[in-house]
Amino acid sequence: MLTIGAFARASRLSPKALRLYDELELLRPARVDPGTGYRYYAAEQLEQARLVAWLRRLGMPLARIRRVCALEPGPAAREIGAYWAGVEAETAARRDLAAFLVDHLSPSPGKDTSMLELRYSALSDTGLVREANQDSVHAGARVLAVADGCGPNGAPASTAAVRALTFLDDEPLSAGGVLNLLEDAVEGAARAVAGLGPAAGGASDGDGTGSTLTALVWTGSQLALVHIGDSRAYVLRDGGLFRITHDHTVVQSMIDEGRLTPEEATAHPRRAMLLKALGSPADVPDLRLQDVRPGDRYLLCSDGLSTVVPEEGIERLLTSAPDPDTAVRALVAAANEAGGPDNVSCVVADVVEATDRPSGLRFA
């Protein structure tokens, strides 16, 4: 038998990694001392340990490595080949995302955005399963927002979260000061939600009261983004759909750590568990400015859309819809056609050259 230190040196895996792989039932020690808990490994386990190390160097998530290690050599080789084909496809998608981010973050001296405005529409629907709608939406001249309440006072919580921002529709805003105004508004939203009952807190599964909030505030030249929870914001630009928010969920953290694949996350029993939500003082939202271009189409949505309609379906519907009102109707219909298991809410806004026509607005 080899001690964990000797086995780590022979396999080129750290003792910390070996302990993690033991916890994940990926590489169990041959023996554990019942008195000290010290791990011992057999020499014949070195081949599996080296395979794990090689697969980690490929970037394969731990959950998929577990599958590969359980297979015979032939099927394992095919699984690795399928994984790498997926990596190459994802690399192409990431290349597009990298190009988007380079453009988004690059200074654009001389770019005139003073004559841009938003055309927008909003729609919220109870869905086909839930008895009540705990989502709230708002689309105005400056503020676009989606909130998804959770817990016994979920509907009032999402309403309070959105209403705390709507006063910004009537405020003179500048790109330089909008984040400070938005931060104050979100603090007010958090206090309003917290006043409705015990907070959902971190890793909420709905036992306490809370709300997600994803909102964009228009300054006339940029959009200020605030985001907390698992509602989402996307931008459709140059024919490609890009998500500009990051879910604050247990499964997203597991994806980030390589413990789950995105495909596995869709069926995970804790997929709806939030790490952050409005209503808990310790949960700080994401805040940042978003550059815009004429022709951009933005989507805010609750997870009632994103968990049942795949991103390629969302992209297709956003691309084909001639205007925001048609887009929100099509997106909500798609969620309901997929079973409508949750409330579904969408806000779609187009960045267009300014005209004298009034902006379109629709609620349901």
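Residues numbered from 1 in each chain as written. Predicted model: local features only at pLDDT ≥ 70, side-chain atom pairs only at ≥ 80, totals over all residues. Heavy atoms only, no water.

**Some words on the pairing of strand 5 (residues 135-139)**
1) Next: The buried fraction of strand 5 is high, at five of five residues.
2) Next: The alternating pattern of strand 5 places Asp-135, Val-137 and Ala-139 and Ser-136 and His-138 on opposite faces, both of which are buried.
3) Next: Of the strand pairs in this sheet, strand 5 and strand 6 (residues 143-150) are connected by five bridges, and their pairing is antiparallel. Of the residues in strand 6, the one forming a bridge with Ala-139 is Leu-144. (Buried < 20%, exposed > 50% of the residue type's maximum accessible area, 1.4 Å probe, protein only. Helix = DSSP H or I, 4+ residues; strand = E, 2+ residues; numbered from the N terminus. Pairing = 2+ DSSP bridges.)

**Notes on the sheet that holds strand 3 (residues 39-41)**
1) Next: Strand order in the open sheet formed by three strands is 1-3-2, with antiparallel pairing between adjacent strands. Each of the sheet's edge strands pairs with one partner strand only, and the pair in question is strand 1 (2-3) and strand 2 (31-32).
2) Next: Relative to strand 3, strand 1 runs antiparallel, the two sharing two bridges. Residue Thr-3 lies in a different strand from strand 3, and its bridge partner there is Tyr-40.

**Comments concerning the packing of aromatic side chains**
1) Next: By the definition in use, this model includes two aromatic pairs.
2) Next: Note on Phe-7 and Tyr-41: the rings are 4.4 Å apart at their centroids and 10° apart in plane angle, and the pair reads as stacked. Taken as a pair, Phe-7 in helix 1 (residues 4-11) and Tyr-41 in strand 3 lie far apart in primary sequence, 34 residues in all.
3) Next: Note on Phe-7: relative accessible area 0%, which makes it buried.
4) Next: Ring centres of Tyr-38 and Tyr-40 lie 5.7 Å apart, and the angle between their planes is 65°; on these two criteria the pair is classed as edge-to-face.
5) Next: Here the basic side chain of Arg-31 rests over the ring of Tyr-40, its NZ or CZ set 4.7 Å away from the ring centre. (Phe/Tyr/Trp six-rings, centres within 6.5 Å; stacked < 30°, edge-to-face > 60°. Lys NZ or Arg CZ within 6 Å of the ring centre and 35° of its normal.)

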